[in-house]
Amino acid sequence: MKNGRTISGTVGIEWDVNPRVSVGSSLGNRGLKETPVTVRNHGAPIDTPTANESCACAPSSERLAQELFERWNMALQTGDQNAVAQLYWEDAVLLPTVSNVPRVNHEEIADYFHHFLQSKPYGTVVSRNLKQGCNKLTDAGVYEFKVVKDGKPQVVPARYTFVYEFRNGEWKISHHHSSMMPEK
């Protein structure tokens, strides 16, 4: 910066050079005498210490997406709603296929699967689209469920989104949205 003042957390924003950058009235009003409000003696930042941390990103791939879906699908085959719920993070959100109620914790997710598992669902991915990020994998696409309804087998096509997060050394579901296809 031209005048040597550091506004912590704004590296690369030169508020004293670029009039289009808004930093608040006390710093942006160049007509008044300016005083540094976010610096201590000798111009050192006071609210943002130097970061000494690092972030490692877990590798993700299409193969990982396939494995995570298969793990979830195999949990469905156990018929145990708690086994399915354990594949979701405690703060996960489930927007389920056959319920109007969003599920936002293990108890609510397990409750949904208690009812859903009665139809003996078996899922198959028809198409998928992946978005990969640091410790996050989004798998969105179309799947079909073979279910038993009123004693008769049916195939139910649906759209899905799974957002997986890598935390504490493992991948789990942080968000899952599923909805039946609107057109037949």
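Conventions adopted
- Residues numbered from 1 in each chain as written.
- Predicted model: local features only at pLDDT ≥ 70, side-chain atom pairs only at ≥ 80, totals over all residues.
- Heavy atoms only, no water.
- 1 Å grid on protein atoms, 1.4 Å probe; cavity = no way out; pocket = protein on both sides within 12 Å on 5 of 7 lines; lining within 4 Å.
- Points joined across faces, edges and corners; volume = space filled by probe spheres on them.
- Helix = DSSP H or I, 4+ residues; strand = E, 2+ residues; numbered from the N terminus.
- Nonpolar A, V, L, I, M, F, W, Y, C, P; charged D, E, K, R; others polar.
- Disulfide = S-S within 2.5 Å.
- Buried < 20%, exposed > 50% of the residue type's maximum accessible area, 1.4 Å probe, protein only.
- Core = buried A, V, L, I, M, F, W, Y, C linked by side-chain atoms within 4.5 Å.
- Contact = heavy atoms within 4.5 Å.
- Expected span 1.5 Å × (residues − 1).

K.L.:
Would you take a moment to explain the layout of surface pockets for this structure?
P.N.:
Summary: where empty space remains is shown by rolling a probe the size of a single water molecule over the atoms. Roughly 290 Å³ of internal volume is contained in the largest pocket. The wall of the largest pocket is formed by 14 residues, among which V98, S119, V147, K149 and V156 lie closest to the centre. Those elements that place two or more of their residues in the lining of the largest pocket are β3 (136-149) and β4 (152-167). Tallying contributions element by element places β3 first for the lining of the largest pocket, with 4 residues. Partitioning the lining of the largest pocket into residue classes produces 8 nonpolar, 4 polar and 2 charged.

K.L.:
Can you help me understand the state of the cysteines in this one?
P.N.:
Here a disulfide denotes a covalent bond joining the sulfur atom of one cysteine to the sulfur atom of another. One pass over the full model with this rule turns up 1 disulfide. A disulfide bridge connects C57 with C134, and the sulfur atoms are separated by 1.9 Å. Disulfide C57-C134: the torsion about the S-S bond is -95°, which places it as left-handed. Of this pair, C57 sits in the loop between α1 (25-28) and α2 (62-78) while C134 sits in the loop between β2 (122-133) and β3, and the two are 77 residues apart along the sequence. In this structure C57 comes out as partly exposed when scored by relative accessible area, which is 46%. On the basis of relative accessibility, which here comes to 40%, the residue C134 falls in the partly exposed class.

K.L.:
I tried to follow the nonpolar core on my own but got confused; where do I start?
P.N.:
Most often, soluble globular proteins have nonpolar side chains that are buried together. Core analysis: the biggest nonpolar cluster contains 31 residues, and W72, V84, Y88, F113, Y143, F162 and Y164 have the highest contact counts within it. Mapped onto this core, the elements with two or more residues apiece are α2, α3 (81-85), β1 (88-95), α4 (106-116), β3, β4 and β5 (170-180). Among the elements that take part in this core, α2 stands out by supplying 7 residues, more than any other. Setting aside residues up to four positions removed in sequence, V84 forms contacts with W72, A75, L76, F113 and L117.

K.L.:
Can you help me understand the environment of K149 in this one?
P.N.:
Secondary-structure assignment places K149 in strand β3. Given the relative accessible area of 48%, K149 is considered partly exposed. For the pair K149 and K120, spaced 29 residues apart in sequence, the C-alpha to C-alpha distance is 9.0 Å.

K.L.:
Help me understand unusual backbone geometry in this model?
P.N.:
One can expect most non-glycine residues to show negative phi and most peptide bonds to be in trans. In this model, D150 sits at a positive phi of 55°, which is unusual for a non-glycine residue. With phi around 50°, N168 is a residue other than glycine that occupies positive phi space. Relative to the helices and strands, N168 is located in the loop between β4 and β5. By relative accessible area, N168 is classed as exposed at 75%.

K.L.:
Would you explain α2 in this entry?
P.N.:
An α-helix turns once every 3.6 residues. As a result, residues three or four positions apart point the same way. The end-to-end C-alpha separation of α2 is 25 Å, in line with the 24 Å expected for 17 residues at 1.5 Å each. Buried within α2 we find L64, A65, L68, F69, W72, N73, A75 and L76. Where α2 terminates, the next one or two residues include G79, which has phi positive at roughly 75°.

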